[in-house]
Amino acid sequence: MRMMAGCLRKALVLQVRFTLSASPTRQSLRFLLHHLYPFSSISTSGKSQSFTVSYLIDSCGLSHKDALSASKFFSFETPDKPNSVLAFFNRHGFSKSQISKIVKSLPRLLASDPDKTLLPKLQFFYSKGASRPDVTKIVVSTPGILYRSLENQIIPSFNFFKDFLQSDEMAVTVIKRFSRILLFDLHTYVASNINALQEFGVPKSNIAGLLMNRPMFMAFMVRPNPFRENLEEVKKMGFNPSQMKFVIAIHAMRAMGKSTWERKIDVYKRWGWSEEEIRLAFIKLPRCMTHSEDKIMATMDFFVNKMGRESSLIARRPLLISLSLEKRIMPRYSVIQVLLSKGLIENDTSLVVLFESTEKMFLRKFVNGYKKEAPQLMKLYQEKNQPFKKARLSPGGKW
């Protein structure tokens, strides 16, 4: 008998494993769990977990894998509580896909009391001038906001940005762009780093501009001492703290680790740039160091090997590195090749004129200016842009 029972149990275990890998139904899960643990307390918890998994799949749109993972941390036996949470999100304008994303990120919210836990947070954002779409965006991107204390975390964090930016509206803008910023220990990190920037002579208006446009930068969990070291390093490079480029340079350095920074230095050196040329290029355009190594290599290869230009010329005009190969450089180059083949322009035409000029200026000078000599240029240019521009190209268009 014991041997038969053992065989039956092994068979059921194998069946459970097969069923869990093949998107089980609610009935099959209950059947297997009941027969696998018929006389233990696990049977009850198994039923609860089975119901939870089924509910997360059927009512919340989670995959079986995500639902099973979530059910390990909480479960429920009736749909009353989670139904009230889903109804709450529906009433406040959240779509099914948004609700699914929220539940997947933080399934414990389904056990919340909508009126006591969720509603006060939404009402707080509404009271600060956030629209319903604004609040939806904030919650979907950071569901953890609904799980944090309104009085001890959300309100103090919001007030920190409101006081610094002198406006509820501007504080809401920052939070919309990076809502996780409300969850950080602002006084330990962000406040300390803001104070350091001001001590180095960075105007408050520049810090506010950085905070408004790149809130992720200010939210980095950076210890004050390493942050101050970055400030010292950037200042030694020759950046003026009173100019916006100073904080942009800090952002560029903070966006990558030291090893990544050094690899990019090596990439530029491979193209013959000296350390001084790299430093000057970084001062002119800090974002030249934020591009991927592949992007730098591909762009330099195009200008140096395909167009035959000097590497040092690109070092003096680092904006050329930042231009899109696919959307700007290659479509314009297709026009340039035709003009060169017809002898209509010189091979040493300035790269700045060819690639840094506005769309309107390029079309006027190199396309419309040669309608008689090369009437096919506009069609060629449009064809090269077709994969990247769905809208019809007009002579006055902009990138």
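Everything numeric in this text was worked out from a predicted model, so none of it was measured.

A. Structural detail: the packing of aromatic side chains. A full pass over the atoms with the stated rule returns 17 aromatic pairs. Between F124 and F158, the aromatic rings sit 5.4 Å apart at their centres with planes inclined by 85°, giving edge-to-face as the arrangement. With F124 in helix α7 (residues 114–127) and F158 in helix α9 (residues 150–165), this residue pair connects regions lying 34 residues apart in the sequence. As far as the burial class goes, F124 and F158 line up, both buried. Look at Y268 and W273: their rings are 4.3 Å apart centre to centre, the planes differ by 15°, and that puts the pair in the stacked class.

B. Highlighting the side chain of S112. Within the element layout of this structure, S112 appears in the loop between α6 (96–105) and α7. Taking the relative accessible area as the measure of exposure, S112 reaches 6% and is therefore buried. Every residue in contact with S112, bar those within four places of it in the chain, is listed here: K81, V85, T117 and L118.

C. Region of the structure containing the packing of helix α10 (residues 168–177) against helix α12 (residues 204–213). Direction vectors running N to C along α10 and α12 enclose 45°, while the axes themselves pass 8 Å from each other. In terms of orientation, α10 and α12 fall into the oblique class. Only L211, M212 and N213 of α12 make contact with α10, whose side of the interface consists of M170, T173, V174 and R177. When the residues that make up the contact of α10 with α12 are grouped by side-chain class, the tally is four nonpolar, two polar and one charged.

D. How the structure looks around the nonpolar core. Among the nonpolar cores identified, the biggest contains 115 residues, and F89, F125, W273, F282, M289, F303 and F355 are the most heavily contacted of them. Setting aside its immediate chain neighbours within four residues, M289 contacts M256, W261, K264, I265, Y268, I278 and F282.

E. Quick peek at the environment of P331. Tracing the backbone shows P331 in helix α21 (residues 325–341). Residue class for P331 comes out buried when judged on its relative accessible area of 1%. Each C-alpha atom, one on P331 and one on K384, is 5.2 Å from the other, the two residues being 53 residues apart in sequence. Apart from residues no more than four positions distant in its own chain, P331 is found in contact with L325, E326, Y381, K384 and N385.

F. Representation of the side chain of T299. On the secondary structure map, T299 appears in helix α18 (residues 293–306). For T299, a relative accessible area of 0% corresponds to the buried category. Within the local environment of T299, its side chain forms a polar contact with the backbone oxygen of K295, the two atoms lying 2.8 Å apart. Those residues in contact with T299, other than ones at most four positions away along the chain, are L320, I321, L325 and I329.

G. Region of the structure containing the environment of M244. The topology assignment puts M244 in helix α15 (residues 244–254). On the basis of relative accessible area, M244 is assigned to the partly exposed category, the value being 29%. M244 has contacts with N206, G209 and L210, leaving out every residue within four places of it along the chain.

H. Seen up close, helix α14 (residues 224–237). For α14, spanning 14 residues, the distance from its first C-alpha to its last is 20 Å, which sits close to the expected 20 Å at 1.5 Å a residue. Those residues of α14 that sit buried are F227, N230, L231, V234 and M237. The arc that holds the buried residues of α14, viewed along the axis, is 125°, so those residues lie on one side. Facing away from the buried surface of α14 by more than 90 degrees, the exposed residues are N225, E229 and K236. Downstream of α14 by a residue or two, G238 has a phi angle that is positive, lying close to 115°.

I. Representation of the environment of S97 within the structure. Locating S97 in the fold gives a position in helix α6. Note on S97: relative accessible area 55%, which makes it exposed. Along the chain, S97 and V140 lie 43 residues apart, while their C-alpha atoms are 9.9 Å from each other. A polar side-chain atom of S97 sits 3.1 Å from a polar atom in the side chain of S95.

J. Quick look at unusual backbone geometry. For Q166, which is not a glycine, the phi torsion comes out positive at approximately 60°. Among the secondary structure elements, Q166 is positioned in the loop between α9 and α10. Look at Q166 and you get exposed, because its relative accessible area is 62%.

Rules of the game
Residues numbered from 1 in each chain as written. Predicted model: local features only at pLDDT ≥ 70, side-chain atom pairs only at ≥ 80, totals over all residues. Heavy atoms only, no water. Phe/Tyr/Trp six-rings, centres within 6.5 Å; stacked < 30°, edge-to-face > 60°. Helix = DSSP H or I, 4+ residues; strand = E, 2+ residues; numbered from the N terminus. Buried < 20%, exposed > 50% of the residue type's maximum accessible area, 1.4 Å probe, protein only. Contact = heavy atoms within 4.5 Å. Axes fitted to C-alpha atoms, helices over the stretch in contact; angles between N-to-C directions. Parallel < 35°, antiparallel > 145°, perpendicular 65-115°, else oblique. Nonpolar A, V, L, I, M, F, W, Y, C, P; charged D, E, K, R; others polar. Core = buried A, V, L, I, M, F, W, Y, C linked by side-chain atoms within 4.5 Å. Polar contact = N/O pair within 3.5 Å; in protein donor to acceptor, adjacent residues only side chain to side chain. Expected span 1.5 Å × (residues − 1). Arc of directions from axis to C-beta.

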